[in-house]
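Each chain, letter by letter, is given below.
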Amino acid sequence: MATDIDPFDDVFVEESVRESPIVRELRKNLPEARFYCLSSEPCYRNSLSEDFSKKLYVIRFKGRFLRSCPATRFYHCCGYTILHFGEHCTVGCTYCILQAYLNQPYIKIFGNLEEMLSEVKGVLLQYPQVLFRVGTGEFTDSLLLDPWAGYSSHFVPLFATIPNAVLELKTKTAFVDRLKDLPHGGHTIVSWSLNAPSIMTQEEANAAPFELRLECARRCLEWGYFLSFHFDPIFFFPGWEKEYALVVRELFETIPPRKIVYISLGAFRFMPELKGRILEKNPTWKFASGEFVPCPDGKRRYFVDIRVGLYKFLLEAIRSYAPDICVYLCMESGSVWKRVFGYSPDEVGGLPRILDDAVRKTMKVGMNCLNSAASLFLRKPQPYSSI
Amino acid sequence: MIGWDNVFFKYLLLESIESDEDFRLTSTYNPRLYSILNISGILSPLWVWETSSNRLVLIDGYSRYGWAKGTGCYTLPCLVFPSSFSKEELLKMRILTKSSESNLSLEEKANIVERLLRLYSAREVERNFLPLFSFPSKPGFSKVIVAFTKTSKEFRCAVREGIIDERIALVLATWDEESRHGMLRLLKKLRCSVSIQREILESVEDLGRAKNIPYSEVLREIEVVLGDQNLSPREGTERVRHFLKALLFPNLMARRNSFEKTLKSLELPYGVELKPPDQFEGDEWEMKVRFSKPQELLDKLKIFNSKISMEVLDKIFYGDRHRSL
Ligand code: SF4
């Protein structure tokens, strides 16, 4: 199992971001790589068989860096704000949703850092009454390029200065060294996705092994960071109970619950196109061939009774070690919440509120904030909620 | 540039012309063409290559050639390409001319692609030619098409006759021989629509993958379920679909059964229906009451209220809480 994501042989830099601190950092940390200048971003399609795994593109992003989590009106959304700093990932999880989502075959990161940071600062400080939970791991792994590009050196100190925001760095890597001496001010959560051991070894090709993820989490804890964990995507397969129970046990034997802000649970779900993409690469892949039903948001999910069974089991396992920890479901319906927790988010003010409260309780950030960022960004109505 | 100046017209003896499998792109009998030939005879000359060893090889006109043989014609009008043309050059001309025809069958398209791969790289074929035949221009897809040309005559015949949909045939072309023949037997028996063919195909693949068994094994189980009773194609299709659903969705089926049992035991008034969301997914349930008079509505709601309690609704909404997976 490789824990090092190979660095890049070729770095293509768009002319207008040539002087970016990100490019400077890349030049310093990739001394062997060839750097090329581009007048604009090239247009390659996914269908090309060319190998892009060792190529990195640094471009100027012209859209908005901050955006809301892609919610739907059928499932409860966490009201997360996405900081979009790059796209694509080479961790190589077989089930990765990005395979169906992105149509460019290479990793690209955004070099116009000044614009990015000033947008973040501008928007977040404009609404001091609003608590923002901001994450960078939606379209790539948050720390995948950190040893070379060093985004965390810019993001973490920035969030330390914003009283009404926390930053979540979501990863499956072991690339935490850079975080050690950063002034985080207690505003950064470092989080790891966890899974059953057989999934982590067989389906997450270049991710750090489980023990290493826990070891890194423990180091971050020593450096004063808050943590979170995501059991997502959870798979239903023979022996799942035993495997997930083991991971929960090892997690709490290594990490004390009081520094964990929240833990999310999300059963494997996919757009139908994703299944096709995965099977093209691996025709015998069995994990999309279970009891999956079409859902109102166009995705396929395990039949609801299976999901409830998975969630209840994991919730019970987690609560047996950490009775008060905030556990939530990612993109689930009110009735699933009700069956798992005994209540639906809309009955307690909505899921964003539950997570904001967890941030306030554990991190003591946003104590005076009255609203959730979901009230600003989340334009789609939530199931039966007042947002 | 093609050296057309050297090509000449000549009547050739039918028996002096040889066929060559490399040039034959159609193996199907075309009744429309035969009817036209019966009315008017051969209207356009066949293409023949005179090789350096003076053999006369048929390039284009295999159907006309077949018709002429059957009707006892001795001589055929031909355009003769002299030996200065290479076989590769002629194959290219033949393929590209054929490619421009509309309404090519899957078999013809596959034959063309298979020949193109002898002349161009797979990448060139996939990028430049596959879209011309409405195939996806995906890397590796030419292999799938070539696999189709290697399938049995019986299988290709079923595709030609429309018993198997062309897209489904391409998926089946990637299966192992035994499984493909199992599916061929089944689809011949069921004669079902394209959408149902696709549903059955996907279910068989899902079951095979989920249980890690060859598709032929799933198909054998289906054959057992169908038995040798004389079911109509429609009855057979329904039985197969039901069987596959029960295998693929045991928890959903159990929930559906328990939901129906609970509803039945309630004996709701006639015209009162409770409908769960599709596949019990999501939070939107429906209740329908059919009535013709205000009093009837009141009566039905009253009976409904008397039969429904929170406990019963809980069971209807959330199923049996204690059922394990
Ligand atoms: S780490 Fe996340 S983004 Fe990267 S391949 Fe795995 S699932 Fe995809």
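Source: prediction; values computed, not measured.

Visitor: Residue-level account of the overall build of chain B, with values.
Guide: When helices and strands are tallied, chain B shows 15 helices and 7 strands. Judged by the C-alpha coordinates and their principal axes, chain B covers about 95 × 45 × 40 Å. Here chain B holds 325 residues, and the buried ones make up 45% of them. For chain B, contacts bridging at least 24 residues in sequence account for 65% of all contacts bridging at least 6.

Visitor: Would you mind going over the interface of chain B and chain A in detail, with residue names and values included?
Guide: In this assembly, 24 residues from chain B lie in contact with 40 residues from chain A. Around 2600 Å² of area is buried between chain B and chain A when both sides are counted, 51% of it from carbon and sulfur atoms. Our enumeration of links across chain B and chain A arrives at 5 salt bridges. One salt bridge connects Arg 255 of chain B with Asp 305 of chain A, and the closest N-O pair in it is separated by 2.9 Å. At the surface where chain B touches chain A, the tally comes to 13 residue pairs in polar contact (both at pLDDT 80 or more). Within the residue set of the side of chain B that touches chain A, elements represented by two or more residues are helix 5 (122-129), helix 10 (194-211) and helix 13 (250-266) of chain B. Ranked by the residues each element gives to the side of chain B that touches chain A, the list is headed by helix 13 of chain B, at 4 residues. Taken together, the residues of the side of chain B that touches chain A break down into 9 nonpolar, 4 polar and 11 charged.

Visitor: Quick one: what's the story with the environment of Cys 330 of chain A, residue by residue and with numbers?
Guide: Residues and elements named next belong to chain A. With respect to the helices and strands, the residue Cys 330 is situated in the loop between strand 16 (327-329) and helix 11 (334-341). Residues Cys 330 and Gln 129, spaced 201 residues apart in sequence, show a C-alpha to C-alpha distance of 25 Å. Leave out the neighbours within four places in its chain, and Cys 330 touches Asp 232, Leu 265, Gly 266 and Arg 269.

Visitor: Help me get a handle on the state of the cysteines, residues and values and all.
Guide: Residue and element names in this part refer to chain A. In total, this model carries 0 disulfides over all chains according to the counting rule given. Lacking any disulfide linkage, Cys 69 is separated from the closest cysteine sulfur, that of Cys 77, by 4.2 Å. Residue Cys 69 is classed as buried on the basis of its relative accessible area of 12%.

Visitor: Run through the pairing of strand 11 (residues 226-234) of chain A, naming residues and quoting values.
Guide: Residues and elements named next belong to chain A. Among the 9 residues that make up strand 11, 9 are buried, leaving the element largely enclosed by the rest of the structure. Bridging between strand 10 (residues 188-194) and strand 11 involves 6 bridges; their strand directions are parallel. By the bridge assignment for strand 11, Val 190 is matched with Leu 227. Relative to strand 12 (residues 260-267), strand 11 runs parallel, the two sharing 6 bridges. Within strand 12, the position partnered with His 230 by the bridge is Ser 264.

Visitor: If you had to explain the sheet that holds strand 1 (residues 8-13) of chain B to someone new, which residues and values would you point to?
Guide: Within a beta sheet, neighbouring strands are joined by backbone hydrogen bonds and run either parallel or antiparallel to one another. Residue and element names in this part refer to chain B. Spatially, the 5 strands line up as an open sheet ordered 1-5-3-4-2, and their pairing is mixed. In the strand order of this sheet, the two ends are held by strand 1 and strand 2 (17-18), each with one partner. Pairing of strand 3 (residues 46-50) with strand 4 (residues 56-60), which is carried by 4 bridges, proceeds in the antiparallel orientation. Looking across to strand 4, one finds that Trp 47 is bridged to Asp 60. The strands touched by helix 2 (residues 62-71) within the sheet are strand 2, strand 3, strand 4 and strand 5 (75-81), with strand 4 carrying the most contacts at an inclination of about 120°. Running over the sheet, helix 3 (residues 87-99) touches strand 3, strand 4 and strand 5 and is turned about 170° from strand 3.

Visitor: Lay out the site of the ligand in plain terms, naming residues and giving numbers.
Guide: The ligand sits among Cys 89, Val 91, Gly 92, Cys 93, Cys 96, Leu 98, Asp 141 and Lys 172 of chain A. The residue makeup of the shell around the ligand, split by class, is 5 nonpolar, 1 polar and 2 charged.

Visitor: Any chance you could break down the sheet that holds strand 13 (residues 269-270) of chain A for me, citing the residues and the numbers?
Guide: All names here are of chain A. Strand order across the open sheet formed by 3 strands is 13-15-14, with antiparallel pairing between neighbours. The sheet terminates laterally at strand 13 and strand 14 (292-294), the two strands that pair on one side only. Examined bridge by bridge, strand 14 and strand 15 (residues 300-302) share 3 bridges and lie antiparallel to one another. Residue pairing across strands places Pro 294 opposite Arg 300, the latter belonging to strand 15.

Visitor: Report on the domain arrangement of chain B, specifying residues and quantitative values.
Guide: The assigned domain composition of chain B is domain 1 (1-100), domain 2 (151-248) and domain 3 (264-318). Measuring from the centre of the C-alpha atoms in domain 1 of chain B to the corresponding centre in domain 2 of chain B gives 40 Å.

Visitor: Pulling in residues and values, what's your account of the packing of helix 7 (residues 153-160) of chain B against helix 9 (residues 177-190) of chain B?
Guide: Residues and elements named next belong to chain B. At a closest axis distance of 11 Å, the pairing of helix 7 and helix 9 adopts a crossing angle of 40°. Compared by their axis directions, helix 7 and helix 9 come out oblique. The two elements helix 7 and helix 9 cross, and the hand of that crossing is left-handed. Residue-level inspection shows Glu 154, Phe 155 and Ala 158 of helix 7 in contact with helix 9, the latter providing Arg 180, His 181, Leu 184 and Lys 188. Taken together, the residues that form the contact of helix 7 with helix 9 break down as 3 nonpolar, 1 polar and 3 charged.

Each value, and the rule that gives it
- Residues numbered from 1 in each chain as written.
- Chains lettered and ligands numbered in written order.
- Predicted model: local features only at pLDDT ≥ 70, side-chain atom pairs only at ≥ 80, totals over all residues.
- Heavy atoms only, no water.
- Helix = DSSP H or I, 4+ residues; strand = E, 2+ residues; numbered from the N terminus.
- Buried < 20%, exposed > 50% of the residue type's maximum accessible area, 1.4 Å probe, protein only.
- Contact = heavy atoms within 4.5 Å.
- Buried area = accessible area lost by both parts, 1.4 Å probe.
- Salt bridge = Lys/Arg side-chain N within 4 Å of Asp/Glu carboxyl O.
- Polar contact = N/O pair within 3.5 Å; in protein donor to acceptor, adjacent residues only side chain to side chain.
- Nonpolar A, V, L, I, M, F, W, Y, C, P; charged D, E, K, R; others polar.
- Disulfide = S-S within 2.5 Å.
- Pairing = 2+ DSSP bridges.
- Axes fitted to C-alpha atoms, helices over the stretch in contact; angles between N-to-C directions.
- Near = heavy atom within 4 Å.
- Domains from an automatic or database assignment.
- Parallel < 35°, antiparallel > 145°, perpendicular 65-115°, else oblique.
- Left-handed = near helix turned anticlockwise from the far one by under 90°.

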